[in-house]
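# Commentary on secondary and tertiary structure
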Amino acid sequence: MTTLMTPECIWAAGAHLGEGALWHAATRSVYFVDIKGRRIHRCAADGSERHSWDAPGQVGFVVPASCGAMVCALEDGLYRFDETSGEFAPLRKVKEDLPGNRFNDGHVDAGGNLWFGSMDDAQVQATGSLYRLGRDGSLARADSGYFITNGPATSPDGRTLYHTDTPLRRVYSFDLRDDGVLANKRVFLQLPEGSRPDGMAVDSDGHLWIALFGAGRIERYTAAGRLVGTVQFPCTNITKLAFGGEDLCTAYVTTAWKGLTPAQRHEQPLAGGLFAFRVDTPGLPHTVLALP
């Protein structure tokens, strides 16, 4: 196992619950959200040219769509987000009949399908589900029974989908069929106490990089589940990473100060910041969400 290079904070954004790091190649920009702060952020690759927008609810993630707009998740479903006007227009309501739930992490696979999860906002009940919005506009509940859904990510060949339940410290893998149906759910990793898997990303070698909330690090695993590297951070709550930059060899990482005591926040002044570090193996390109 190797310890990888030290990350640099490129935007001390102070996000309450930073999430959803995303590289947008078309604009050479990094996007991320502050779920509890109800904001969407964007900056240049080096952290400059910063822009922020207020959202009308807790925003779980943001992804680019084929219509040219961005698509995000609020508490009741998916919305188009117009950066110019700052307006949020309903795209697809998702009926859960669970007023205490909200939506969390999301990922667009190589086929242009959106995978995203819901969760109990109080983090008490296993009422979360994993959804798939297909490129044909179909919406399906692919799995259920989660406390906190996190980190959907897919393998380079598109045949495996990874997903986590953070409080259970469990990373699942599924066979992903050509028709978008999941099969053969199994436990890919059961992490030890103190290691809560949050957002994830897969590199071009098929290695899975997992942000660990509460553990202050990212861990890199082979497709066989062997730990081969770690990245240590100066703050505790690491939430999501995305590979970006012109060569897809820069990892952009969101963090959070949620759950920290005042003393811990004083000790971790960069908690909630956006970090970056270089990697040797490039990540996979980010795909645009296909809208019918």
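We now turn to the structure provided with this report. Keep in mind it's a predicted model, so treat the numbers as computed, not measured. (Residues numbered from 1 in each chain as written. Predicted model: local features only at pLDDT ≥ 70, side-chain atom pairs only at ≥ 80, totals over all residues. Heavy atoms only, no water.)

A few words now on the state of the cysteines. Going through the model one piece at a time under the given rule, you end up with 0 disulfides. Cysteine Cys9 shares no disulfide, and the gap to the nearest cysteine sulfur, in Cys235, comes to 7.8 Å. The class for Cys9 is partly exposed, based on a relative accessible area of 21%. Counting only cysteine sulfurs, Cys43 is the nearest neighbor of Cys249, a cysteine outside any disulfide, at a range of 18 Å. In this structure Cys249 comes out as buried when scored by relative accessible area, which is 9%. (Disulfide = S-S within 2.5 Å. Buried < 20%, exposed > 50% of the residue type's maximum accessible area, 1.4 Å probe, protein only.)

Turning our attention to the layout of surface pockets. Here the largest pocket is characterised by a volume of approximately 460 Å³. The wall of the largest pocket is formed by 30 residues, among which His107, Val108, Leu284, Pro285 and His286 lie closest to the centre. Sorting the residues of the lining of the largest pocket by element identifies β3 (18-24), β7 (62-64), β11 (101-108), β15 (149-154), β19 (196-202) and β23 (237-244) as the ones contributing at least two each. Its residues placed into classes, the lining of the largest pocket shows 19 nonpolar, 8 polar and 3 charged. (1 Å grid on protein atoms, 1.4 Å probe; cavity = no way out; pocket = protein on both sides within 12 Å on 5 of 7 lines; lining within 4 Å. Points joined across faces, edges and corners; volume = space filled by probe spheres on them. Helix = DSSP H or I, 4+ residues; strand = E, 2+ residues; numbered from the N terminus. Nonpolar A, V, L, I, M, F, W, Y, C, P; charged D, E, K, R; others polar.)

Let us look at the sheet that holds β15. Taken together, 4 strands build an open sheet; the order of strands is β15-β16-β17-β18 and the sheet is antiparallel. Across the chains shown, the open sheet's two edge strands, defined by having one partner strand only, are β15 and β18 (182-190). Going from strand to strand, the sheet's axes swing by 25° on average, the running direction of each strand aside. The pairing of strand β16 (residues 160-165) with strand β17 (residues 170-176) spans 6 bridges and is antiparallel. (Pairing = 2+ DSSP bridges. Axes fitted to C-alpha atoms, helices over the stretch in contact; angles between N-to-C directions.)

Here we take up the packing of aromatic side chains. If you walk through the whole model with that rule in mind, you get 14 aromatic pairs. Pairing Phe61 with Phe116 gives two aromatic rings, centres 6.1 Å apart and planes at 50°, and the pair type is tilted. Pair noted here: Phe61 is in the loop between β6 (51-54) and β7 and Phe116 is in strand β12 (residues 114-120), with a separation of 55 residues, a long-range link. Looking at Phe61, the relative accessible area reads 1%, which means it is buried. Of the residues examined, Phe116 reaches a relative accessible area of 0% and is grouped as buried. Considering the side-chain rings of Trp209 and Phe243, the 5.6 Å spacing of their centres and the 80° angle between planes classify their relative orientation as edge-to-face. With Trp209 in strand β20 (residues 208-213) and Phe243 in strand β23, the pair connects residues that are 34 residues apart, well separated along the chain. Overall, the relative accessible area of 2% leaves Phe243 in the buried class. Feature note: the residues Trp209, Phe233, Phe243, Phe275 and Phe277 constitute an aromatic cluster, connected by ring pairs. Over the ring of Tyr172 we find Lys185; its NZ or CZ atom is 4.3 Å from the centre of that ring. The side chain of Arg265 reaches across the aromatic face of Trp257, ending 3.7 Å from its centre. (Phe/Tyr/Trp six-rings, centres within 6.5 Å; stacked < 30°, edge-to-face > 60°. Lys NZ or Arg CZ within 6 Å of the ring centre and 35° of its normal.)

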